[in-house]
Amino acid sequence: MGNTVAREDFEWVYTDQPHADRRKEILAKHPEIKALMKPDYNLIWVVVLMVLAQLTAFYLVKDLDWKWVVFWAYVFGSCISHSMTLAIHEVSHNSAFGNSKAMWNRWFGIFANLPIGLPYSISFKRYHMDHHRYLGGDGIDVDIPTNFEGWFFCTRFRKFIWIVLQPFFYAIRPLCINPKPITRLEIINLLAQLIFDVAIYYLWGVKSIFYMLAGSVLGLGLHPISGHFIAEHYMFLKGHETYSYYGPLNLLTFNVGYHNEHHDFPNIPGKSLPLVKKIAAEYYDNLPQYNSWIKVLYDFVMDDTISPYSRMKRQLKGEVKQD
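So, a few notes on the structure that sits alongside this text. (Residues numbered from 1 in each chain as written. Predicted model: local features only at pLDDT ≥ 70, side-chain atom pairs only at ≥ 80, totals over all residues. Heavy atoms only, no water.)

## What to know about the nonpolar core
Core analysis: the largest hydrophobic core is formed by 38 residues, its most contacted members being Val47, Met84, Trp162, Ile230 and Phe300. Mapped by element, the contributors of at least two residues to this core are helix H2 (42-61), helix H3 (66-92), helix H4 (102-113), helix H7 (156-164), helix H11 (227-231) and helix H15 (293-302). In this structure, valine 47 is in contact with Met84, Ala87, Phe108, Phe111 and Ala112, ignoring residues within four places of it in sequence. If you look at the next biggest cluster of nonpolar residues, it comprises 13 residues, including Ile33, Leu36, Tyr258 and Leu273. (Core = buried A, V, L, I, M, F, W, Y, C linked by side-chain atoms within 4.5 Å. Buried < 20%, exposed > 50% of the residue type's maximum accessible area, 1.4 Å probe, protein only. Helix = DSSP H or I, 4+ residues; strand = E, 2+ residues; numbered from the N terminus. Contact = heavy atoms within 4.5 Å.)

Following this line, the structure appears as structure tokens:
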């Protein structure tokens, strides 16, 4: 339980990320994939139904005993909240209304953010685009853990705690690695969230607020769906930077598990990523892949050669453009 992992630094690489070159190659061979680069209007209705489902849950838990509030926050609220963060991920790529209506997507992201309880959508969009453009970029890609995380969370017990605290690290890390000036939309996101939270408290009380916030924190921490945070880019196999997951939890996560496909084609909605894999099977079938996010979490904790340091990192060259 106290074993220390061997890795003492990130895996520094001096090559470009593989996704841009593979995208060009696939499109040259399978130009029909371009037809999938269009909005997923069904996403709008799914998000609206998810918001309504959480509003119903806020009402239903207001008079329950605390033990049941905690139970439903983990069993139901956590799944909806984590799923909603991945809906926001889809919206950040303009998948709801298309690139021609970018601001519609931003406003819709603020709406989708409401049942999560903490303002998140606008800031996520700004940092997530950097993650795609500059995957592994030192000082730019805030999906990469800090040196402190890699140094401190180096035993099985500490790695377990790191998984539990993942939502806090994802919130704090951008401020440590790549702080950006606050924008008008981020202030609107914050004010809209505060008004919503106060309204829920005024209408239904503290148990509804607890259910909302606890569900979000629990859903992004020690939870089966949270396996995707580690499965996507942590280097379980040397030389492989991005990994896909093809298990059943894709049904709850807008196919975020199709992660090689997503980085190759970030402008294709999650709904269509299985088609990308099917059309270009020769590019994806032989790449390393997972079928269980729970096993990913278990292996991350128990494998003494894996830690937050198990990421590829790049020293970026030339001009860096950020949102």
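## Looking at the packing of aromatic side chains
Under the criterion given, the structure shown has 25 aromatic pairs. Judged by centre distance (5.3 Å) and plane angle (85 degrees), the rings of tryptophan 66 and phenylalanine 210 are edge-to-face. Placement of tryptophan 66 in helix H3 and of phenylalanine 210 in helix H10 (residues 206-219) is noted, with a sequence separation of 144 residues between them. Look at phenylalanine 210 and you get partly exposed, because its relative accessible area is 34%. Relative to phenylalanine 153, the ring of phenylalanine 152 has its centre 5.1 Å away and its plane inclined at 85 degrees; by these criteria the two rings are edge-to-face. Residue phenylalanine 152 is classed as partly exposed on the basis of its relative accessible area, which comes to 28%. Classification of phenylalanine 153 as buried rests on a relative accessible area of 5%. Taken together, the aromatic side chains of Phe148, Trp151, Phe152, Phe153 and Phe169 make up a single cluster linked through ring pairs. Over the ring of tryptophan 104 we find lysine 101, and its NZ or CZ is 4.3 Å from the ring centre. Positioned above the aromatic ring of tyrosine 170, the side-chain terminus of arginine 173 is 4.8 Å from the ring centre. (Phe/Tyr/Trp six-rings, centres within 6.5 Å; stacked < 30°, edge-to-face > 60°. Lys NZ or Arg CZ within 6 Å of the ring centre and 35° of its normal.)

## Here's the deal with helix H9 (residues 184-204)
In a regular helix each residue adds 1.5 Å, so 21 residues correspond to 30 Å; H9 covers 30 Å between its end C-alpha atoms and thus fits that length. Contact partners of the buried residues in H9: H2, H4, helix H5 (121-133) and H10. (Expected span 1.5 Å × (residues − 1).)

## Some details on the pattern of salt bridges
Applying the stated criterion to the full structure yields 15 salt bridges. The salt bridge partner of lysine 277 is aspartate 285, with a shortest N-O separation of 2.9 Å. You can call lysine 277 buried: its relative accessible area is 19%. What makes aspartate 285 partly exposed here is its relative accessible area of 40%. (Salt bridge = Lys/Arg side-chain N within 4 Å of Asp/Glu carboxyl O.)

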